[in-house]
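# Descriptive structure summary
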Amino acid sequence: MKKKLIKIVAAILITAMVIISPPGAYGVSLTVMSIYSGSQYADSLMSEKGIEIDIPSAKGWYPFVMTYNADTGFGRFISEDDRRLTIMYNFPAFDLLKGCSRLYDPASPYYSSFYGAYCTEGSYGFTDYGELDDEKAGLVPQYDYTHLVLRDLGLPLRHQTFRWETTSQVSGLSVAGYDGWSRVDVDMSVNGVAHEKTGYRRNYIQYGSPGYDAGEDFETVKMKGVVIGRYFEECDASIYFYIMAPDETVIKAWQEDILKNTLIQIRGK
């Protein structure tokens, strides 16, 4: 009996050590986020509208793209309580020695970087003539980054910086199997995510706890951004693909390795 108890205690201790180890943090992230993302996708705007968006991962990024429904909060942000928003997103790969994503690493070209897609109900972000309104479209990533990333990592809205300046805009692009997309390239000035851990944050489950030297917490950083949008009249929804990164080479790799291999399928089409 005593030997059996010792084995049980030893097994519990070993399991606990694995979970709290740097590689263990990665395993927890993969397990929790795959389950949570699946449940979110089932209730997503894409699921309701019959839209399938297949976005791959690539070198330097987390293994799969996740889904999050931000309906009520986004509606309030743009003063439209019933405006639905589903976010598909990915962030930089884990550093297994640090036990966290390189999202936190100020020295990485992937610092504070994200890519993915936004799906909104109706023609939000487009004019009556079908042209992309870059200012309105910019409110979608602004809400995502300020409310769902920075605030959840501990930086209050009143202390945040988010500046968005359009540098170029083109239309008539072919993306994800459809024509008629508009693209906006922007320069951004935002708070980076590097900070010293002072307590538990929910987002640590997916990114891991910060393991890099932060310097100044949430120091402002220059970023590049791209938003590519299209309104789908057949399902009354707007889709935006996006990326933000401090390094132009990351954006170019996203275009070649991810965006070109992204597909949209609409039920019945």
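Preceding block: the structure.
My aim in this report is to walk through the structure given alongside it, one point at a time. None of the values given here were measured: they were computed from a predicted structure. (Residues numbered from 1 in each chain as written. Predicted model: local features only at pLDDT ≥ 70, side-chain atom pairs only at ≥ 80, totals over all residues. Heavy atoms only, no water.)

### Side note on the packing of aromatic side chains
- The full count for this structure, using the stated rule, is 20 aromatic pairs.
- Taking the centre distance of 5.1 Å and the plane angle of 80° together, the rings of Tyr-178 and Phe-232 count as edge-to-face. Of this pair, Tyr-178 sits in strand E8 (residues 178-191) while Phe-232 sits in strand E9 (residues 220-232), and the two are 54 residues apart along the sequence. Across the pair, Phe-232 and Tyr-178 agree in class, each one buried. (Phe/Tyr/Trp six-rings, centres within 6.5 Å; stacked < 30°, edge-to-face > 60°. Helix = DSSP H or I, 4+ residues; strand = E, 2+ residues; numbered from the N terminus. Buried < 20%, exposed > 50% of the residue type's maximum accessible area, 1.4 Å probe, protein only.)

### What about the side chain of Asp-144?
- Positionally, Asp-144 belongs in helix H5 (residues 134-150).
- Ignoring anything within four residues of it in the chain, the contact list for Asp-144 reads Ile-87, Tyr-118, Val-149 and Tyr-242. (Contact = heavy atoms within 4.5 Å.)

### Observations concerning helix H7 (residues 248-257)
- Considered for burial, the residues of H7 that qualify are Val-250, Ile-251, Trp-254 and Gln-255. Projected down its long axis, H7 shows its buried positions confined to an angular sector of 140°, all on one face. Set apart from the buried face of H7 by more than 90 degrees, the exposed residues are Thr-249 and Lys-252.
- Tucked inside the fold, the buried residues of H7 contact strand E6 (114-121), E8, E9 and strand E10 (237-245). (Arc of directions from axis to C-beta.)

### Notes on the pattern of salt bridges
- Here the structure, examined in full by the defined rule, presents 5 salt bridges.
- Of the charged contacts in the structure, one is a salt bridge between Glu-48 and Arg-84, with a shortest N-O distance of 2.3 Å. Of this pair, Glu-48 sits in helix H3 (residues 45-49) while Arg-84 is found in the loop between helix H4 (71-77) and strand E3 (85-90), placing the two residues 36 residues apart along the sequence.
- The salt bridge partner of Lys-260 is Glu-256, with a shortest N-O separation of 3.1 Å.
- Using a relative accessible area of 58% as the deciding quantity, one classes Lys-260 as exposed. (Salt bridge = Lys/Arg side-chain N within 4 Å of Asp/Glu carboxyl O.)

### As for the nonpolar core
- Counting 47 residues, the largest nonpolar core has Phe-114, Tyr-145 and Val-193 as the members making the most contacts within it.
- When contributions to this core are tallied by element, the ones reaching two or more residues are E3, E6, H5, E8, helix H6 (204-207), E9 and E10.
- When residues in this core are grouped by element, the largest group, 7 residues, is from H5.
- Setting aside its immediate chain neighbours within four residues, Phe-114 contacts Trp-61, Asn-90, Phe-91, Leu-103, Tyr-145, Val-149, Tyr-207, Tyr-242, Ile-243 and Met-244.
- Judged by nonpolar contacts, the second largest core, of 32 residues, contains Ile-53, Met-88, Cys-119 and Val-250. (Core = buried A, V, L, I, M, F, W, Y, C linked by side-chain atoms within 4.5 Å.)

### A word on the sheet that holds strand E2 (residues 66-69)
- Strand order across the open sheet formed by 7 strands is E2-E3-E6-E10-E9-E8-E7, with antiparallel pairing between neighbours. Edge strands, defined here as strands with exactly one partner in the open sheet, are E2 and strand E7 (162-175). Strand after strand, the sheet turns through a mean of 20° between neighbouring axes, direction not considered.
- Bridging between E6 and E10 involves 8 bridges; their strand directions are antiparallel. Bridging from a neighbouring strand, Tyr-115 pairs with Ile-243 of E10. (Pairing = 2+ DSSP bridges. Axes fitted to C-alpha atoms, helices over the stretch in contact; angles between N-to-C directions.)

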